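# What the coordinates show
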Amino acid sequence: MRTTRLLLTAATALTLAACSGGGAVDGGPGGPGVRDPYFPKAGNGGYDIGHYDLTLAYDPSAGTGAGHLTGTAVITARATEDLSAFNLDLKGLDVAKVEVEGRDARFNRAGQELTVRPAEELNDGETFRVTVRYSGEPETITDPDDSEEGWLPTADGAVGLGEPTGSMAWFPGSHHPSDKATYDLAMTVPEGLGVVSNGELRDERTRDGRTTFAWHTAEPLASHVVTVAVGEWETARSTTADGLSVYTAVDPTQADASRKVLKRIPEIMEWGQENFGPYPFSSTGAIVDRDEDAGYALETQNRPYFPGAPDTVLLVHELAHQWYGNSVSPKTWRDMWLNEGFATYAEWLWEEDHGGDTAQESFDALYDGTYYDDEDANASIWAFPPADPPDAAHISDSPVYQRGAMVLHKIRETVGDEAFRDLLSGWAAAHRHGNADTGDFTAFVEKSAPDEDFTGIWKDWLRGDGRPDSP
């Protein structure tokens with residue numbers, strides 16, 4: 001995680017001084033954000049989180065609509081500077097108590113910032129544990145592009161969707177992709193409901209009319225692809241030919257429509273490993289909710305989330321994200337095209353390998369303005385360069401997806417098919433379970449093909465305004 005030292009606002013500093021009880025300290029407060037260009041308050045400076053242990057209880061019938069959530073978050077982190085205080089991202093919910101290393105800590109709230117002052121300052125390099133006890137009705141967050149994330153009530157429960165910052169609606173943490181961690185999540189719900197999350201299901205037990213599901217994620221996980229889905233599920237477990245665990249959870253109303261496409265997961269995973277290299281996680285699968293339960297699919301780690309049965313191409317897109325976006329995560333939200341351009345190009349490769357349009361045909365249709373039936377949709381591809389969305393409201397717009405894929409196709413044209421496939425798998429391997437930005441990618445491409453000139457691709461296709469003069 002990038003370390004940033006920012007001054008607290010005067011009001012927050014005064015509050016902390018009043019709570020401190022006097023005494024000089026050598027450390028300073030950690031930053032209330034990592035200065036992401038589009039979400040500057042996301043994440044926190046001064047420490048790096050290694051593990052989350054979340055113990056949750058949820059009743060969808062309580063409260064006024066979103067149900068009632070009770071949580072205890074035990075967060076293990078390492079200080080990256082001397083700290084007199086540090087921040088956690090948490091939007092809404094009521095915090096009852098905070099402890100650091102088993103001792104009561106002072107805290108205050110300001111917007112999405114939960115500022116914590118431990119009884120003793122933390123030293124640079126020190127590993128520490130913070131426990132936050134909280135409860136309330138979790139919020140649905142409206143993004144700058146008017147989409148909804150955070151805690152979304154569904155027909156029979158709820159789902160937590162986090163991209164880009166929605167996970168702060170249901171657990172405290174450092175909610176920026178640059179700070180990955182492992183997770184244990186246990187959620188208790190009324191008997192008859194199920195809980196699906198990331199990683200592997202370790203335990204399921206029912207007592208006194210309530211069932212607890214315990215999930216464990218051993219590989220690093222960015223909080224925007226953490227999920228917990230509560231509802232009635234038809235679950236299935238299987239393994240692929242090479243032993244990879246497959247876990248699917250489907251709303252009963254979507255079971256018939258989903259059955260055929262979900263059976264293709266092993267085939268897609270085999271194809272993905274042939275093209276992108278070894279699969280980076282210990283399990284795969286899917287969560288399929290009802291059509292009306294969310295407005296979009298999301299590449300939640302290990303098992304993507306779908307509102308309604310996906311078609312094969314959408315399933316390919318979200319599973320490709322497990323390599324590009326989940327394992328190789330963006331350093332900042334400006335680098336979103338490294339997620340979506342790769343997943344979109346995966347669609348093109350799948351179609352090319354399975355009797356559909358070739359990637360060249362998809363590229364040509366986009367360039368010629370014939371890809372979509374709608375003229376405005378075709379024109380929107382050239383609204384801005386994929387590596388530089390104008391603001392937070394546009395990080396999921398068409399140029400990030402389609403023009404991002406066009407950049408990859410131009411690289412393929414330059415280096416040839418065999419070298420391009422090596423580049424795809426090499427990029428995934430080079431930053432496995434890490435973070436990367438556009439500069440890392442262009443440097444990787446140039447190093448992989450030192451005899452080629454990519455200047456025009458970077459200038460016209462990756463960073464240039466408008467439609468390049470020549471395809």
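Please read these numbers as outputs of a predicted model, since none were measured by experiment.

## Structural notes on the overall build of the chain
Tallying secondary structure elements over the chain gives 11 helices and 23 strands in all. For the chain, whose C-alpha radius of gyration is 23 Å, the value lies close to the compact-globule estimate of 23 Å for 471 residues. Its C-alpha atoms give the chain principal-axis dimensions of about 65 × 50 × 40 Å. Within the chain, the fraction of its 471 residues that count as buried is 56%. Residue pairs in contact within the chain that sit at least 24 positions apart in sequence constitute 68% of those at least 6 positions apart. For the chain, the accessible surface area stands at approximately 18400 Å², while carbon and sulfur atoms represent 45% of it.

## A few points about the nonpolar core
If you look at the biggest cluster of nonpolar residues, it comprises 69 residues, and the most contacted ones within it are F276, W337, M406, I411, W427, F441 and W458. Apart from the residues within four sequence positions on either side, M406 is in contact with W348, F363, L366, Y367, I381, W382 and W461.

## Re the packing of aromatic side chains
For the structure on display, the rule yields 30 aromatic pairs. For the pair Y367 and W461, a centre-to-centre distance of 6.2 Å together with 45° between the ring planes defines the contact as tilted. Taken together, the residues Y367 in helix α6 (residues 359-368) and W461 in helix α11 (residues 455-462) connect sequence positions 94 residues apart. Given a relative accessible area of 4%, W461 falls into the buried group. Between the NZ or CZ atom of R467 and the centre of the ring of Y367, over which it lies, the distance is 3.8 Å.

## Focus on the side chain of N339
Of note, N339 is situated in helix α5 (residues 337-353). Excluding anything up to four places from it in sequence, N339 contacts E299, H321, Y324, G325, V328 and P330.

## Re the layout of surface pockets
There is about 440 Å³ of room inside the largest pocket. Considering the residues around the largest pocket, the lining is formed by 27 residues, among which E163, Y296, A297, S396 and Y401 are closest to the centre. Looking at the lining of the largest pocket, the elements that each hand over two or more residues are α4 (312-320) and α5. The element that contributes the greatest number of residues to the lining of the largest pocket is α4, accounting for 4 residues. In terms of residue class, the lining of the largest pocket is built from 13 nonpolar, 6 polar and 8 charged. One number sums up the size of the second largest pocket: a volume of about 290 Å³. A236, T248, V250, R259 and L262 are, among the 14 residues lining the second largest pocket, the residues nearest its centre.

## So, the pattern of salt bridges
Summed over the entire model, instances satisfying the criterion amount to 14 salt bridges. Ionic pairing is found between D256 and R259, a salt bridge with its closest N-O pair at 3.0 Å. Pair noted here: D256 and R259 are both in helix α2 (residues 255-262), with a separation of 3 residues, about one helical turn. Residue classification places D256 among the exposed residues on the basis of a relative accessible area of 65%. Among the residues examined, R259 registers a relative accessible area of 41% and is labelled partly exposed. Note that E413 is salt-bridged to K410, the shortest N-O span being 3.2 Å. Of this pair, E413 and K410 both sit in helix α8 (residues 398-415), separated by 3 residues, roughly a single helical turn. Of the residues examined, K410 reaches a relative accessible area of 13% and is grouped as buried. Linked through salt bridges whose partners overlap, the residues forming this network are K97, E99 and D104.

## Topic: α8
Residues separated by three or four positions in an α-helix point in the same direction, a consequence of the helix having 3.6 residues per turn. Counted at 1.5 Å a residue, the expected span for α8 with its 18 residues is 26 Å, and the 25 Å between its end C-alpha atoms agrees. With 15 of its 18 residues buried, α8 lies for the most part within the structure. Once α8 finishes, G416 follows within two positions and takes phi at roughly 95°, a positive value.

## Quick look at the confidence of the model for the chain
Per-residue confidence for the chain gives a mean pLDDT of 94, with 95% of residues at or over 70. Low pLDDT (under 50) marks residues 1-24, which in the prediction has 44 contacts with non-local residues, meaning those over four places away or in another chain.

## Structural notes on empty space enclosed by the protein
In this structure the tally under the stated criterion is 1 cavity of 30 Å³ or more. Y183, L185, S197, N198, W215, H216, T217, L221 and V226 together form the lining of the largest cavity. Elements represented by at least two residues in the lining of the largest cavity include exactly β13 (181-190) and β16 (210-221). Counting residues per element, the lining of the largest cavity draws most heavily on β16, at 4 residues. Classifying every residue of the lining of the largest cavity by side-chain character gives 5 nonpolar, 4 polar and no charged.

## Examining the sheet that holds strand β3 (residues 68-79)
Strand order in the open sheet formed by 8 strands is β6-β5-β9-β3-β2-β13-β16-β15, with mixed pairing between adjacent strands. Edge strands, defined here as strands with exactly one partner in the open sheet, are β6 (103-104) and β15 (200-207). Examined bridge by bridge, β15 and β16 share 7 bridges and lie antiparallel to one another. Across the sheet, the residue bridging to E200 is H216, located in β16.

What counts, and where the lines are drawn
Chains are numbered independently. Their residues run from 1 in the order of the written sequence. Predicted model: local features are reported for residues with pLDDT of at least 70 only, side-chain atom pairs are reported and counted for 80 or more only, and whole-chain, interface and lining totals are derived from all residues. To obtain the side-chain values, all non-hydrogen atoms of the structure were included, while hydrogens and water were left out. Where helices and strands are cited, they refer to DSSP runs of H or I of at least four residues and of E of at least two residues respectively, numbered from the N terminus. Values of the radius of gyration come from C-alpha atoms, whereas the globule rule sets the reference at 2.2 Å times the count of residues to the power 0.38. Each residue is placed in one exposure class: buried if its accessible area under a 1.4 Å probe, protein chains only, is under 20% of its type's maximum, exposed if it is over 50%, and partly exposed if it falls in between. In what follows, residue pairs with any heavy atoms lying within 4.5 Å of each other are defined as contacts. In this description, accessible areas are obtained by the Shrake-Rupley approach with a 1.4 Å probe, and a residue is regarded as covered only by the protein chains that are shown. Residues belong to a common nonpolar core when they are buried Ala, Val, Leu, Ile, Met, Phe, Trp, Tyr or Cys residues joined through side-chain atoms within 4.5 Å. Pairing of aromatic side chains here covers Phe, Tyr and the six-membered ring of Trp, requires ring centres within 6.5 Å, and sorts the geometry by plane angle: under 30 degrees stacked, over 60 edge-to-face, intermediate tilted. The rule is short: NZ of Lys or CZ of Arg within 6 Å of the ring centre and within 35 degrees of the ring normal puts a charge over the ring. Only protein atoms enter the 1 Å grid used here, on which a cavity is any set of points holding a 1.4 Å probe that cannot leave and a pocket is any open set flanked by protein within 12 Å on both sides along at least five of seven lines; residues with an atom within 4 Å of a point are listed as lining. Grid points are joined across faces, edges and corners, and a volume is the space filled by probe spheres set on the points. Residues are grouped as follows: Ala, Val, Leu, Ile, Met, Phe, Trp, Tyr, Cys and Pro are nonpolar; Asp, Glu, Lys and Arg are charged; every other residue, Gly included, is polar. For salt bridges, the criterion is a side-chain nitrogen of Lys or Arg within 4 Å of an Asp or Glu carboxyl oxygen. What a helix is expected to span follows from its residue count: subtract one and scale by 1.5 Å. For every residue, the predictor assigns a confidence score, pLDDT, that lies between 0 and 100. Any two strands are treated as partners once DSSP identifies two or more bridges connecting them.

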